[in-house]
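Spelled out, the chains give:
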Amino acid sequence: MRAYVSFLVLPFLFLLAGCGDLVSQDPDQRGEIAPILTSEEAFDDQTFAKPQEARVTHVDLDLAMDFDAKTISGTATLDILAADEASEVILDSNGLRVSAVTDQTGDALEFALGETVEGKGEPLTIELPAQELERSADLAEGELAPTHRIMVEYVSAPQAEALQWLSPEQTAGSEHPFLFSQGQAINNRTWIPTQDSPGIRQTWEATISAPEPLNVVMSGVLQGDPEAEDENRRDFRFVMNNAVPPYLIAIAAGNIEFRELGPRSGVWAEPEVIEAAAQEVGDTEEMIDAGIALFGDYRWGRYDMIVLPPAFPYGGMENPVMTFLTPTFIAGDRSNNGLVAHELAHSWSGNLTTYSSWRDGWLNEGVTSYFENRIVEAVYGKARAEQEYALSYAGLVGGIEDAGADNPVTAMRSPNSISPFDTRGFAIYDKGTVFLRTVENIIGREKFDAWLTEWFDAHAFEPVTSEMFLADLREKLIAGDAELENQLMLDEWVYGTGLPENAWKPDAQAFAEVDGAVSAYANESTIPDTDAWRNWTAAEQRRFLEELPQELSAEQLASLDATLGLSQTNNNEVLFLWLEAALRNEYGPAVPQAERFLARVGRNKFVSPLFTALNETNWGKPIAQRIYAETRSSYHAYTRGNVDETLQYDAAA
Ligand code: BES
Ligand code: ZN
């Protein structure tokens, strides 16, 4: 696949290319080996690795994609830092077929795949080479350096959960296949044999072979132009010199093209989508500037995005230097761009400072949602930010009402008594936002911003925990002030369930007009007039639909649709709320549109609730089963898993 390029010739290649985007792959340019945390709270129970004995510090992938077999195969060369007494290293695997493991000289090493644990995969235990790596003379006293190097030869399984192989029909162009990965949370072990834990950071590089004419992107910096391997395949080379948690290693391949947005940013998409995609994300440079002004340097060089086909199961994924996005956020008016602000914000919260355990979900997602809202305020203004905050707050209050205020799933730091993946989205995202907004208002924006900036800087490229966050806040901002400590209610927010009483409420004026319209509809069946509705922001339209009475008759739904043009909206968030209300109320005329939507879109946030709405009535149950039998195979494993559970779908039957 790849001709071996010695590090000695690299400076020469660098000069030849002479291109600012090229990042040297010289190991000297590589970021430092990140610390691992050993406190009880930092413990990740989802990995088989024992990082205190032996841990991976660098991953070098040399892989080929096979779209017919739906496999990725090749080698992963791993640098390991092992304790003196360690004799083996344990990696995470889930369904990998490992054919050989060797040391640096090609001599075989013993390895064993352990028993599979449902959801977690199996440990891959490898004997460490007898020969240690030489310690470079330039290393400072006490500076960490890898001690061993091993090479794993393997192939991923066709059903690998991290990888979704799309048929040409699932793309906009309908001509070429498409592949994307989704590593978070613990899926990357289905295609990369490494230690798959957010607290074990690794630098990485990769050479990827893909069939013509597909382009490959990764969450690393592309090195020069792809090289022809033969007349049918090309090699793409990527480097990530910042140590990242391995769930952030991501790949996508398809018939995609690039459009520059500004000096630091650009967007990839299929040719059929690129124009609309570039239009929609046109505020990205401004958002990056806003992020830097708020919370410090952007440390990743470029910020590019890829707009994927609609089968992508999430809204977005913060893969470094290459955010992955659903195309369903495109509305033509940038009204769903909180998504871009969110994934960009992860460049600080999540990618720079990362939770060490999945139990601290809020540290990534809650801090990011707060940061997202601050970017939205800076770029789109206070009114829009306040409306989005009010939607978030309402989601939190509703979520807690449904789950019960003493339910452990409503805690931000998920307790050991439940799976870290059972904590609810609203408890991580919305409660996290409201928490930080509350702290900001009590402490004062200026002081709070300075503290958060320092937090990101002090822990850049390192794992963190809730305990560290709170301890730092107490040390730097509370400094023994007992009254302030009482006012903040920090522990209640992070460890408690339900909604603490000091929660910062959204401005009641944010939705004053819409809330009036909601009451008018509930009390007098007055539908807002068509022009008023059209002039409402997307957030206002969402607010109205979210606050409508749960039960609506067919006549009511028909006149709402006729007056407001709900089924004709360009905004998928609005369309989704309309379809959900219609299906929940057994509204037959909406079924064909729902069916088309569910056949095209795989985003779990839309797909799962629509099947749930159908499944809740005897009218809808058979419709759900009929549609799902058609659409199931087009969904990502994540979406499929959720809907299987809702519909109690028996895949074997
Ligand atoms: N990192 C998440 C997506 C994720 C979380 C994947 C946990 C797997 C496990 C991403 O940044 C995210 O939060 N996406 C949201 C965006 C929204 C909050 C703007 C989504 O996909 O809906
Ligand atoms: Zn996020």
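Notes on the structure follow.

Conventions we followed
- Residues numbered from 1 in each chain as written.
- Chains lettered and ligands numbered in written order.
- Predicted model: local features only at pLDDT ≥ 70, side-chain atom pairs only at ≥ 80, totals over all residues.
- Heavy atoms only, no water.
- Helix = DSSP H or I, 4+ residues; strand = E, 2+ residues; numbered from the N terminus.
- Buried < 20%, exposed > 50% of the residue type's maximum accessible area, 1.4 Å probe, protein only.
- Phe/Tyr/Trp six-rings, centres within 6.5 Å; stacked < 30°, edge-to-face > 60°.
- Lys NZ or Arg CZ within 6 Å of the ring centre and 35° of its normal.
- Near = heavy atom within 4 Å.
- Polar contact = N/O pair within 3.5 Å; in protein donor to acceptor, adjacent residues only side chain to side chain.
- Areas by Shrake-Rupley, 256 points an atom, 1.4 Å probe, with all protein chains shown as cover.
- Salt bridge = Lys/Arg side-chain N within 4 Å of Asp/Glu carboxyl O.

1. Comments concerning unusual backbone geometry
Part 1 of the reasoning: With an omega of 0 degrees, the peptide bond between Gln184 and Ala185 qualifies as cis.
Part 2 of the reasoning: In this fold, Ala185 is placed in the loop between strand 9 (178-181) and strand 10 (202-211).
Part 3 of the reasoning: One non-glycine residue with positive phi stands out, namely Met489, at about 55 degrees.
Part 4 of the reasoning: Checked against the element boundaries, Met489 lands in the loop between helix 10 (482-488) and helix 11 (490-495).
Part 5 of the reasoning: For Met489, a relative accessible area of 16% translates into the label buried.

2. Some remarks on the packing of aromatic side chains
Part 1 of the reasoning: A full pass over the atoms with the stated rule returns 37 aromatic pairs.
Part 2 of the reasoning: When the centroid spacing of 5.1 Å and the interplanar angle of 50 degrees are considered together, the rings of Trp348 and Phe371 count as tilted. One end of the pair, Trp348, is in the loop between helix 4 (338-345) and strand 21 (353-355); the other, Phe371, is in helix 5 (residues 361-380), with 23 residues separating them in the sequence.
Part 3 of the reasoning: Exposure remark for Trp348: the relative accessible area of 1% places this residue in the buried category.
Part 4 of the reasoning: Here the aromatic residues Trp362, Tyr370, Phe435, Phe448, Trp451, Trp455, Phe469 and Trp493 are joined through ring pairs into a cluster of three or more.
Part 5 of the reasoning: Here Lys120 stacks its cationic end above the ring of Phe48, 4.8 Å away from the centre of that ring.
Part 6 of the reasoning: Sitting over the ring of Phe606, Arg603 keeps its end group 4.7 Å from the ring centre.

3. Let's talk about the site of ligand 1
Part 1 of the reasoning: What surrounds ligand 1 is a group of 13 residues, the closest being Gln184, Gly315, Glu318, Glu343 and Tyr429.
Part 2 of the reasoning: In the model, a nitrogen atom of ligand 1 is placed 2.7 Å from a nitrogen or oxygen of the Gln184 side chain.
Part 3 of the reasoning: Within the backbone of Gly315, one N or O atom sits 2.6 Å away from an oxygen atom of ligand 1.
Part 4 of the reasoning: Expressed as a share of its isolated accessible area of 530 Å², the protein-covered part of ligand 1 is 81%.
Part 5 of the reasoning: Among the secondary structure elements, those contributing two or more residues to the shell around ligand 1 are strand 19 (316-317) and helix 4.
Part 6 of the reasoning: The biggest single contributor to the shell around ligand 1 is helix 4, with three residues.

4. Digging into the pattern of salt bridges
Part 1 of the reasoning: Applying the stated criterion across every chain, the model contains 32 salt bridges.
Part 2 of the reasoning: The partner of Asp283 in a salt bridge is Arg334, and the shortest N-O contact between them spans 2.7 Å. Taken together, the residues span a long stretch of sequence, with Asp283 in the loop between helix 2 (271-280) and helix 3 (284-295) and Arg334 in the loop between strand 20 (322-325) and helix 4 at a distance of 51 residues.
Part 3 of the reasoning: A residue is classified by how much of its surface remains accessible, and Asp283, at 11% relative accessible area, is buried.
Part 4 of the reasoning: Accessibility expressed as a relative area gives 23% for Arg334, which makes it partly exposed.
Part 5 of the reasoning: Two residues, Arg302 and Asp304, come together in a salt bridge whose shortest N-O distance is 2.9 Å.

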